[in-house]
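Observations on the three-dimensional arrangement
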Amino acid sequence: MELNSKIPEGPIAEKWTNYKFDRKLVNPANRRKYDIIVVGTGLAGGAAAATLGEQGYNVKAFTFHDSPRRAHSIAAQGGINAAKNYKGDGDSVYRLFYDTVKGGDFRAREANVYRLAEESVRIIDQMTAQGVPFAREYGGLLDNRSFGGAQVSRTFYARGQTGQQLLLGVYQQLERQIGLGNVALYNRTELVDVVVVDGRAAGIVVRDLLTGELASHSAHAVVLATGGYSNAFFLSTNAMACNVTAAWRAHRKGAAFANPCYTQIHPTCIPQSDDFQSKLTLMSESLRNDGRIWCPKDPDETRSPELIPEEDRDYYLERRYPSFGNLAPRDIASRAAKIVVDEGKGVGPLKNGVYLDFADAIGRLGEDTIRERYGNLFEMYERITDESPYQQPMRIYPAVHYTMGGLWVDYELMTTVPGLYAAGEANFSDHGANRLGASALMQGLADGYFVLPNTISNYLAPQLGTTPVPTDHPEFKAAEAAATERFAGYLAIGGTRSPDSFHQELGKIMWDYCGMERTKQGLEKALSEIPALHEEFRKDLRVTGSGTSTNQTLEKAGRVDDFFELAQVMCLDALTREESCGGHFRAEHQTDEGEAERDDDHFAEVAAWEWTGDPSKPIRNTEPLTFDNVHLAVRSYK
Amino acid sequence: MSELNVTLKVWRQAGPDAAGSFDTIKADGINDEMSFLEMLDVVNERLINLGKEAIVFDHDCREGICGTCSLMINGQAHGPAKGTATCQLHMRKFHDGQEIVIEPFRATAFPVIRDLMVDRSAFDKIVASGGFITAETGGAPDANLTPIPKPVADAAMDAAACIGCGACVAACPNSAANLFTAAKVSHLNLLPQGQAERYGRVEAMVDTMEDFFGSCTNHGECQEACPKEISIDFIALMNKDYLKSKFKNRRMVSRK
């Protein structure tokens, strides 16, 4: 498989400008002759669909939700980065670029990251013009806060619900295009296959979640903006319906899957309270601006937190990383929490958390200021735990939150299948091995608003005058038949276990062996257990109900089936990457101080896995990464 | 942590046109740390183990922000906890031996799809008719060019916090969507960026709303049910702008 990243020529700061001038254009009058399919209506998909609709293309947008406003982008709390330098504290496009490459532990493509930093500035302008009520200072100008992995204040926010406000902004633009007839929306409709004809993306097969009917749609180009795969772990901060199916079905049709082992474990989530738990809830990283993280020094500590004197507390992040302190990047903060909890110093009834303490900040700034900044987060915490963070410290523990890996894309966001694009969390491109806080919203919006609408014309222009492959083409019929058989198959097994019970068991294997710390031995164990469990799934699954009306159990079965195959390549990727970098920590590769140890000589590369028909034997292709601007260095936050 | 035994009376309906009825389901051994939806997950798991169909209900983020979950619980939209969506409601709010009646959100504009799942796409149609600021991608000026006084930005944010769940409609004796519509109108009409389309927006959105929903008679049930505690003051703001729009837009009601 050839991996051509198509990085434009020229100095880093001119690449995107050069590209935009050199690419082929489609003139406004010709755009209506093209059909584009966009799957997913979160920040990336919604923004792409709206913008392509505005430009004059015929767009079909698909979401499995009842409305585009439900996409999981909505749950992002803390904020969105942009190199505006409104605080005059030394920020610049170059610094955001530098921080992101370094934060990603030197495993991202420089050219993509620089473009992201450039576009970050326009995102804030665009979203403000659309009416996103970002937080403001008394003078009426925009406010900023700080986030992990940066020493400048560059994070824009809307209370603790920035993702919600940005998604509603995108949703409103999308609804406008729907109202104008430029975008046709298919809600409660799930992608079940991608169709490739003569080596190009020809369209998709979808399943109506209310009637179970399958239908084919064809277009000149297909965009997947279908999010990440954290739910492979069962327990994650992702919404219940988040799944890998769209990306995985594309992978099975020839799209390479890059760096699947790069998963982000977010340091500040509410610890699990028991086995019945269905998902974990994130507490925004922005809380680390004012909260101090600590655990008792003594593993046998029994006093309640306010009675533990200063000298008996270990502010371990401040101690180990004095210059970044509580704002150390996510991978580092997560692992540090795991270390103290593994030492038996955990807090709470199950001793599975650490404290995030606001007492100092409340003393310094007053309860009103803290309420203003984090009020809704504190309320959410109290609703879940029945404890008030104004009175006692929060308890937090890391949880799976985001996946940096995803479909391999070139500079144009095109996968290895011509005409098939991936945007937002669904692709792998910008965050390397670790994503900095407040960068996911930035990437989704950059891809959807500014990158894809510029790159897609380069592919479309030469196709002027062609019509999409008709949906009665044998490839579409074959894909429909395969999907019919697949869903009928789940119903026909008639075993004893629900899809959820398999998902839960798979998630436990993944968390134990492919979670925060990975070992060769553990990964090999996972690689023997997963196929066995998948086999049991095929034999003992029980899906009640029918395939011809709303059946959430059946939907779940299809998603879990795909997670089984993905889980294997995640473990294989983690096993082959014999180094530690960012969110991928191999216990065999650490420094004497317990920090991640990269191996740049052998692994400064992207691993792009190719489907072979056997989920246990994919082919590993590589794209070398070169660093001409940010020099490879040991990432230090001390 | 303690265990509860509760009795659920759940609305089951096979399809949009089927007749529905209540099913009585015993839910024993429910841990009070569970969320309400986790309790339903447990009940569904048990139903599947018995070879029965799981109860269909809408849900997704389980963090109270996506607005997908709904449910009338003992006659209250999103249940008994104030300012809380169903997914953030916990079983500790219920007592051992309690009977819990679970129904879908009921309104003509929200037809039942199956069991507890309803179709709320009428909300999207209201937004499509004018719930946006026309600012196509590419031409935006610098974000700090237009300062917005903090109280104005805060008030817009208060309105924009709406999650579009439909509890306001379900709680309203008239099935009116005035709180939902007013929240979106006010969010955009308060901001300087929203002024150019202010009166066109309010007129189009209110007119579309009236195609689907009942009329507001100021009961205030919507504000009580709203999981984001959005104030009915916004309805007054919307009504004021709507009235003005009939003059500003030079389209008198009688000539329509």
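**Thoughts on the pattern of salt bridges**
For the coordinates displayed, the defined rule picks out 71 salt bridges over all chains. Between Lys20(A) and Glu119(A) there is a salt bridge, and its shortest N-O distance comes to 3.8 Å. Residue Lys20(A) is found in helix α1 (residues 15-22), and its partner Glu119(A) is found in helix α4 (residues 110-129); the two are separated by 99 residues along the sequence. The buried category is assigned to Glu119(A), whose relative accessible area is 2%. When the shortest N-O distance is used, the salt bridge between Arg201(B) and Glu197(B) registers 3.7 Å. Overlapping salt bridges, with partners in common, bring together Asp105(A), Arg107(A), Arg577(A), Glu579(A), Arg598(A) and Asp600(A) in one network.

**What to know about the environment of Thr403(A)**
Residues and elements named next belong to chain A. Mapped onto the elements of the fold, Thr 403 is located in strand β15 (residues 394-403). Between the alpha carbons of Thr 403 and Gln 521 there is a distance of 23 Å; along the sequence they are 118 residues apart. Ignoring sequence-local partners within four residues, the contact set of Thr 403 consists of Gly 228, Tyr 229, Ser 230, Tyr 262, Thr 263 and Glu 425. Among the polar contacts listed, one links the side chain of Thr 403 to the backbone nitrogen of Tyr 229, at a separation of 3.2 Å.

**A closer look at the side chain of Ser67(A)**
Residue placement: Ser67(A) occurs in the loop between β2 (58-62) and β3 (80-81). According to the relative accessible area criterion, Ser67(A) is buried, its value standing at 2%. There is a polar contact of 2.9 Å between the side chain of Ser67(A) and the side chain of Asp124(B). Setting aside residues no more than four positions away along its own chain, Ser67(A) makes contact with Tyr171(A) and Asp124(B).

**Some points on unusual backbone geometry**
Positive phi, normally seen in glycine, also occurs at Asn85(A), with a value near 55 degrees. Within the element layout of this structure, Asn85(A) appears in the loop between β3 and α3 (93-103). Its identity as a non-glycine residue notwithstanding, His78(B) has a phi of 65 degrees, on the positive side. Assignment of secondary structure puts His78(B) in the loop between β4 (76-77) and β5 (99-103). Judged by its relative accessible area of 0%, His78(B) falls in the buried class.

**A few points about the state of the cysteines**
Cysteine pairs can be linked by a disulfide, which is a covalent bond between their two sulfur atoms. Residue and element names in this part refer to chain B. Enumeration according to the criterion identifies 0 disulfides over all chains in this entry. Summary of cysteine pairing: Cys 172 is not part of a disulfide, and the nearest cysteine sulfur, belonging to Cys 216, is at 6.7 Å. A residue is classified by how much of its surface remains accessible, and Cys 172, at 14% relative accessible area, is buried. There is no disulfide at Cys 216, and the cysteine sulfur nearest it, in Cys 222, is 6.5 Å away. The exposure class of Cys 216 is partly exposed, given its relative accessible area of 29%.

**Section: the sheet that holds strand β16 (residues 406-407) of chain A**
Paired through their backbone hydrogen bonds, the strands of a sheet run either parallel or antiparallel. Residues and elements named next belong to chain A. The sheet built from 4 strands is open, its strands ordered β16-β10-β18-β19 with antiparallel pairing. Because the sheet does not close on itself, it has two edges, and the strands there are β16 and β19 (619-624). Sheet contacts for helix α15 (residues 552-576): β10 (257-258), β18 (605-610) and β19; angle to β18, the most-contacted strand, approximately 145 degrees.

**Description of the pairing of β2(A)**
Residue and element names in this part refer to chain A. When strand β1 (residues 35-39) meets β2, the two strands line up parallel, connected through 5 bridges. Residue Val 39 lies in a different strand from β2, and its bridge partner there is Phe 62. Chirality of the crossover, the property in question, places the unit of β1, helix α2 (residues 43-55) and β2 among those that are right-handed. Relative to strand β5 (residues 183-186), β2 runs parallel, the two sharing 4 bridges. Its bridge partner being in β5, Lys 60 is matched across the sheet by Ala 184.

**Some points on the interface of chain B and chain A**
Taken together, the contact between chain B and chain A spans 77 residues of the former and 78 residues of the latter. Both faces considered, chain B and chain A share a buried interface measuring about 6,400 Å² in area, 49% of it formed by carbon and sulfur atoms. For the pair chain B and chain A, the interface holds 8 salt bridges. Inspection of the region where chain B meets chain A yields 47 residue pairs in polar contact (both at pLDDT 80 or more). Among the elements of the structure, α1 (36-49), β6 (112-114), β7 (117-118), α2 (121-130), α3 (150-160) and α5 (178-190) of chain B are those that each provide at least two residues to the side of chain B that touches chain A. Top contributing element to the side of chain B that touches chain A by residue count: α3(B), with 7 residues. For the side of chain B that touches chain A, the residue count by class is 37 nonpolar, 20 polar and 20 charged.

**Comments concerning the packing of α3(B) against α5(B)**
Residue and element names in this part refer to chain B. Packing of α3 against α5 leaves a shortest axis separation of 8 Å and a crossing angle of 160 degrees. When the interaxial angle is binned, α3 and α5 end up roughly antiparallel. Crossing geometry of α3 relative to α5 is assigned as left-handed. Residue-level contacts link Val 152, Ala 155, Ala 156, Ala 159 and Ala 160 of α3 to Ala 183, Ser 186, His 187 and Leu 190 of α5. Of the residues that constitute the contact of α3 with α5, the class distribution is 7 nonpolar, 2 polar and no charged.

**Side note on the pairing of strand β1 (residues 3-12) of chain B**
All names here are of chain B. For β1, the buried fraction is high: 7 of the 10 residues fall into the buried class. Pairing analysis gives 9 bridges linking β1 to strand β2 (residues 21-31), with the strands arranged antiparallel. Across the sheet, Val 10 pairs through a bridge with Asp 23, a residue of β2. Here 4 bridges tie β1 to β5, and the two strands are oriented parallel to one another. Bridging from a neighbouring strand, Thr 7 pairs with Glu 99 of β5.

**Points about the domain arrangement of chain A**
All names here are of chain A. With domains assigned, chain A is organised as domain 1 (266-400) and domain 2 (474-624). A separation of 31 Å is found between the C-alpha centroids of domain 1 and domain 2. If you look at the interface, domain 1 gives 10 residues, while domain 2 gives 11 residues. With both sides pooled, the region where domain 1 packs onto domain 2 buries about 810 Å², and carbon together with sulfur makes up 57% of that total. The largest contributions to the domain 1 side of the interface with domain 2 come from Asp 331, Arg 335 and Lys 338, which together make up 54% of the buried area. Between the two partners, domain 1 and domain 2, sit 1 salt bridge. Between Arg 320 and Glu 595 there is a salt bridge whose closest N-O contact spans 3.3 Å. At the surface where domain 1 touches domain 2, the tally comes to 3 residue pairs in polar contact (both at pLDDT 80 or more). Among the secondary structure elements, those contributing two or more residues to the side of domain 1 that touches domain 2 are α8 (330-345) and β15.

**Here's the deal with the packing of aromatic side chains**
With the rule as written, the count across this model stands at 34 aromatic pairs over all chains. Looking at Arg207(A), its charged tip hangs above the ring of Phe487(A), at a distance of 4.8 Å from the centre. Its guanidinium or amino end placed over the ring of Tyr138(A), Lys150(B) lies 5.5 Å from that ring's centre, counting from NZ or CZ.

Criteria and cut-off values
Residue indices begin from 1 for each chain and proceed along its sequence in written order. In the order they appear in the text, chains get letters beginning with A and ligands get numbers beginning with 1. In view of the model being predicted, local features appear only for residues whose pLDDT reaches at least 70, and side-chain atom pairs are presented and counted only at 80 or more, with totals across whole chains, interfaces and linings using the full set of residues. Working from all heavy atoms in the structure, the side-chain values ignore hydrogens and water. Any carboxyl oxygen of Asp or Glu that lies within 4 Å of a side-chain nitrogen of Lys or Arg is treated as forming a salt bridge with it. Put simply, DSSP marks the helices as runs of H or I at least four residues long and the strands as runs of E at least two long, and each gets a number from the N terminus on. Burial classes follow relative accessibility: with a 1.4 Å probe on protein chains only, a residue under 20% of its type's maximum area counts as buried, one over 50% as exposed, and anything between as partly exposed. Throughout, a residue-residue contact means that at least one pair of heavy atoms, one from each residue, lies within 4.5 Å. Here a polar contact is recorded for every N or O atom pair within 3.5 Å, except that within protein the pair must consist of a potential hydrogen donor and a potential acceptor, and residues adjacent in sequence are included only if both atoms are side-chain atoms. Any two cysteine sulfur atoms lying within 2.5 Å of each other are counted as a disulfide. Paired strands are those between which DSSP finds at least two bridges. For helices, the fitted axis covers only the stretch in contact; all axes are lines through C-alpha atoms, and the angles between them, taken along N-to-C directions, range from 0 to 180 degrees. Think of it like this: strands point away, you trace from the first strand over the helix to the second, and a clockwise trace means the crossover is right-handed. As a working definition, buried area equals the accessible area (1.4 Å probe) given up by two parts on being put together, with both sides summed. Amino acid classes used here: Ala, Val, Leu, Ile, Met, Phe, Trp, Tyr, Cys and Pro are nonpolar; Asp, Glu, Lys and Arg are charged; the rest, including Gly, are polar. For classification purposes, angles smaller than 35 degrees are called roughly parallel, those larger than 145 roughly antiparallel, those between 65 and 115 roughly perpendicular, and all remaining angles oblique. Two helices that cross are described as forming a left-handed crossing if the nearer one is turned anticlockwise from the farther one by less than a right angle, and a right-handed crossing if clockwise. For each domain, the first and last residues come from an automatic or database assignment. Working definition: a ring pair exists when centres of Phe, Tyr or Trp rings (six-membered ring for Trp) sit within 6.5 Å. Plane angles under 30 degrees give stacked, over 60 give edge-to-face, the rest tilted. Placement of a positive charge over a ring is assigned whenever Lys NZ or Arg CZ falls within 6 Å of the ring centre and within 35 degrees of the normal to the ring plane.

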